[in-house]
Amino acid sequence: MPSNILCFDIGGTSIRAGHSCAMGELTFLERIATPTHDHEAFIAALSAYVGRLEEKPARIAVSLAGVVDPKTGGLIVANIPAIHGTDLAQDLAAATGIAVTIANDADCFAMAEAVAGSGAGHDIVFGIILGTGVGGGLVSGERLINRNGGFAGEWGHGPVAAQIAGTPPRAVPRFACGCGQTGCLDTAVSARGMERIDRLNGGDERTAEAILTAWRAGEARAVDTLSVYLDLIAGPLAMVVNMTGASIVPAGGGLARAHDLVAAIDRAVRPLTLAQPVTPLVVPALSGSEPGLLGAAILGHQALEQA
């Protein structure tokens, strides 16, 4: 029985394609521009890969910068109008004759980490994304919690950001979020959030990368920015760990490439958890350069096993 999985990692700018013949294995194919406004062109671009593989795929698996509505199968993808509100799984299956699995990109990241990354061997894995946005995915027993879609793991949204933080403590405003709420962690502990906090301290605007460089050098303003940042992220993340029972929290995304920042987050979070582990809890991701593709492929293989 064929087990080749054709997989895609779809973002607002580009689509990355790959295929996998075994659980945890991935071969990258190429990257193409996302047809953001043309639904037919979008389906055609993905369908074209079916004929390029030596063996017809047994399943197509998609990692998506969006959410599948578990009630309707429709997608919520604000930055890709071509597929927003559509049932991509149904449309792509109709065009190719191949069953399709779709999951949120943070969920795929969490799956990649749980099976082939820093979460391997752990029963409950909460994978977090720290980059231009804040996201997450929850895996138990190497199975995605929200395998039918939905918002589980989206710890970046909700009005929970503290209004007092830092050493010494000071007032922190609640920033408006694109989701329509105010005070979301996405606005405060993403890369843009770090930059917002830094601007509160005065001086020129600078990137998160520049802030981290200054923090490493011991610059007072950057040290103050990070003290606020760590306070804002530590409590909510510790609460998620308590609630889920996660024994490992792999971190991915642009900010997580700064392993010293991940280590600082870990040191801030562990004492606030009920378990208070003595070994690292929040750790850098280890699933490689294509966690979205790899996680999608793993979900595709699991779907085949269950068929």
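Details of the structure are given in the entry above.
Note that this is a predicted model, so its numbers are computed, not measured. (Residues numbered from 1 in each chain as written. Predicted model: local features only at pLDDT ≥ 70, side-chain atom pairs only at ≥ 80, totals over all residues. Heavy atoms only, no water.)

**So, the pattern of salt bridges**
Condition: Here, a salt bridge means any side-chain nitrogen of Lys or Arg that lies within 4 Å of a carboxyl oxygen of Asp or Glu. Where helices and strands are cited, they refer to DSSP runs of H or I of at least four residues and of E of at least two residues respectively, numbered from the N terminus. The rule is simple: take the accessible area with a 1.4 Å probe, protein chains only, and divide by the maximum for that residue type; under 20% is buried, over 50% is exposed, in between is partly exposed.
Using the criterion set out here, one finds 10 salt bridges in the structure. With its nearest N and O atoms 2.4 Å apart, the salt bridge here joins Glu290 to Arg16. Taken as a pair, Glu290 in the loop between strand E14 (282–284) and helix H8 (291–306) and Arg16 in strand E2 (residues 14–20) lie far apart in primary sequence, 274 residues in all. By relative accessible area, which is 10% here, Glu290 ends up buried. Here Arg52 and Glu30 are joined by a salt bridge, their closest N and O atoms 2.6 Å apart. Note that Arg52 is positioned in the loop between helix H1 (39–47) and strand E4 (59–64) and Glu30 in strand E3 (residues 27–33), a separation of 22 residues in sequence. Residue classification places Arg52 among the exposed positions, given a relative accessible area of 52%. Salt bridges here are not isolated pairs; linked through shared partners, they connect Asp198, Arg206, Glu219 and Arg221.

**Observations regarding the sheet that holds strand E8 (residues 124–130)**
Using the following cut-off: Strands qualify as paired when DSSP identifies two bridges or more between them. Any two residues whose heavy atoms approach within 4.5 Å at even a single point are treated as in contact. Fitted lines through C-alpha atoms serve as axes, helices being fitted only where they are in contact, and the angles separating the N-to-C directions of these axes extend from 0 to 180 degrees.
Read from one edge to the other, the open sheet built from 5 strands follows the order E10-E9-E8-E13-E14, with strand pairing classed as mixed. At either end of the open sheet lies a strand with only one pairing partner, and these are strand E10 (143–144) and E14. Pairing analysis gives 2 bridges linking strand E9 (residues 134–140) to E10, with the strands arranged antiparallel. Bridge pairing links Val139 to Leu144 in E10. Relative to the sheet, helix H6 (residues 220–244) contacts E8, E9, strand E13 (249–252) and E14, its axis offset from that of E8 by approximately 155°.

Honestly, it's all geometry; don't read function into it.
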